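Next come the chains, spelled out residue by residue.
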Amino acid sequence: MKHQAMELHFSQSPRTPKIVFTITITLIILAIISLHYPLSGNPIFGFSKYYSSPSPEPSSPSSLNNNDADQGSIKEVEGSEKCDIFSGEWVPNPEGPYYTNTTCWAIHEHQNCMKYGRPDTDFMKWRWKPDGCELPIFNPSQFLEIVRGKSMAFVGDSVARNQMQSLICLLSRVEYPVDVSYTPEERFKRWRYTSYNFTLATFWTPHLVKSKEADSDGPTNTGLFNLYLDEFDEEWTTQIDDFNFLIISAGHWFFRPMVYYENNKIVGCKYCLLDNVTDMKMFYGYRSAFRTAFKAIYSLENYKGITFLRTFAPSHFENGLWNQGGNCVRTRPFKSNETTLEGDNLELYMIQIEEFKAAEKEGQRRGKKFRLLDTTQAMLLRPDGHPSRYGHWPHENVTLYNDCVHWCLPGPIDTWSDFLLEMLKMEGIRSYEDKLYPSDRKMRFR
């Protein structure tokens, strides 16, 4: 009875109009908040789930956990497990490929495996299946909408160019670009998708830093190069200010003989066979080159883009080195338990990861964005995807070695665009969350 009396007393209090007014105002404010900060549905690109295990209900941007998003690949959706899109297996995909060597003019001759008589076709009919989630097949229309009005540069060697050519072929189902290169030099190409005002570019820099060919023959008949490990390669560092996306990579050229310079003085070399020059492992030059390249990027005051490190893609020479009869004749992918990353390949990969993390940390301090496009495991499992001897006619009177470094087009390298598109989607979610939940906001709506 006392409790009932208290309720009656409260309901009959003279303060009732004020309470009703307060409640009404609160409801109006909440209604306004719900309009400006919707908590269900994803307005970014029309997608509701990213890298997550299948769940009965779609997830919203507000349910994504960004704590582990520094690599751009691992996310957590409420009620599901974390999923790393770069860890998984190759599974059959009878619907592939999504272009052919006759429908895409962008294929470099040395990667045009079907033109030059490769007899098997199964290497084109696999897709990457991450552990615990799905990676959608590349959607060219979706990609072009995301990058509308933007620009993307591939910085590196011929494998970087191989990646760009793969992307052009995948996009060819929607539109072909026009050549808007500022130089006739094939190593510095620019393409524009006029309907989308999107520009692709490639910058040739096999060592990432300033370098010079000192001897075209060298100890191994592959040339001897001077690497200035502490100097930026201005061929690309002076060109990237206006790019929205930068994809940087390097690796295979560091196996060649090199002389290392710092402060314009020789500090050592990798198999240069020069008198009174200390022989050093290539890892010294590799680490220094990435450190300098990353420094060049985060030191650029006007560069506001996102930098992706595309990790090392191992070659697959068997039964000999590249110049000793080695070849790659397998016709199926490895399973993840059939091979492992080891030796030089492991060391190169770990150097990249370590230098990436250091650059990412410094980049955060300077307001620069670094992301990890980790293709290493997926490509380690694809010994069947290289041109081998099918990059030229058998009767050609030229000295060409079996190619177990580059990738056939179409081929497994097309999956790099699957990875890239998913990462761009996540950037959209990050951008949305940054606007929805500013860093100085004390409370997040959940």
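Structure shown above.
The following paragraphs examine the structure supplied in this document.

## Considerations on the sheet that holds strand β11 (residues 224-232)
Here's step 1: If you walk across this open sheet you meet the four strands as β10-β11-β13-β14, and the pairing is mixed. Edge positions in the sheet fall to β10 (209-215) and β14 (265-270), since each of these pairs with one other strand and no more. Within this sheet the neighbouring strands show an average axis-to-axis angle of 25°, counted without direction.
Here's step 2: Strand contacts of helix α6 (residues 282-299): β10, β11, β13 (258-262) and β14, with the helix running at about 40° to β11, the strand carrying the most contacts.

## Looking at the state of the cysteines
Here's step 1: The full count for this structure, using the stated rule, is five disulfides.
Here's step 2: Across the disulfide, Cys83 is cross-linked to Cys133 (sulfur-sulfur distance 2.0 Å). Disulfide Cys83 to Cys133: torsion about the S-S bond roughly -55°, handedness left-handed. Of the two residues, Cys83 is situated in strand β3 (residues 83-84) and Cys133 in the loop between β5 (126-130) and α3 (140-146); the sequence distance between them amounts to 50 residues. Of the two residues examined, Cys83 and Cys133, each falls in the buried class.
Here's step 3: Residue pairing for Cys104: its cysteine sulfur links by disulfide to Cys169, the two sulfurs lying 2.0 Å apart. Across the S-S bond of Cys104 and Cys169 the torsion is about -80°, and the bridge reads as left-handed. Of this pair, Cys104 sits in the loop between β4 (88-92) and β5 while Cys169 sits in helix α4 (residues 158-171), and the two are 65 residues apart along the sequence.
Here's step 4: For Cys169, a relative accessible area of 0% translates into the label buried.
Here's step 5: When the cysteines engaged in disulfides are numbered in sequence order, the chain pairs them as 1-4, 2-5, 3-10, 6-7, 8-9.

Thresholds applied
Here the residue numbers are simple positions, counted from 1 along each chain's written sequence. Side-chain atom pairs in this predicted model are given and counted only at pLDDT of 80 or more, local residue features only at pLDDT of at least 70, and totals for whole chains, interfaces and linings cover all residues. Just so you know, side-chain values use all the structure's heavy atoms and leave hydrogens and water out. Strands were regarded as paired on the criterion that DSSP finds at least two bridges between them. Think of it this way: any DSSP run of H or I at least four residues long counts as a helix, any run of E at least two long counts as a strand, and we number them from the N terminus. Interaxial angles span 0 to 180 degrees and are taken between N-to-C directions of axes, which are lines fitted to C-alpha atoms, for helices over the stretch in contact. The contact criterion used throughout is that any non-hydrogen atoms of two residues lie within 4.5 Å. Cysteine sulfur atoms that come within 2.5 Å of each other are treated as a disulfide pair. Accessible area is worked out with a 1.4 Å probe on protein chains only. A residue is then buried under 20% of its type maximum, exposed over 50%, and partly exposed in between.

In short, shape yes, function no, at least from these values alone.
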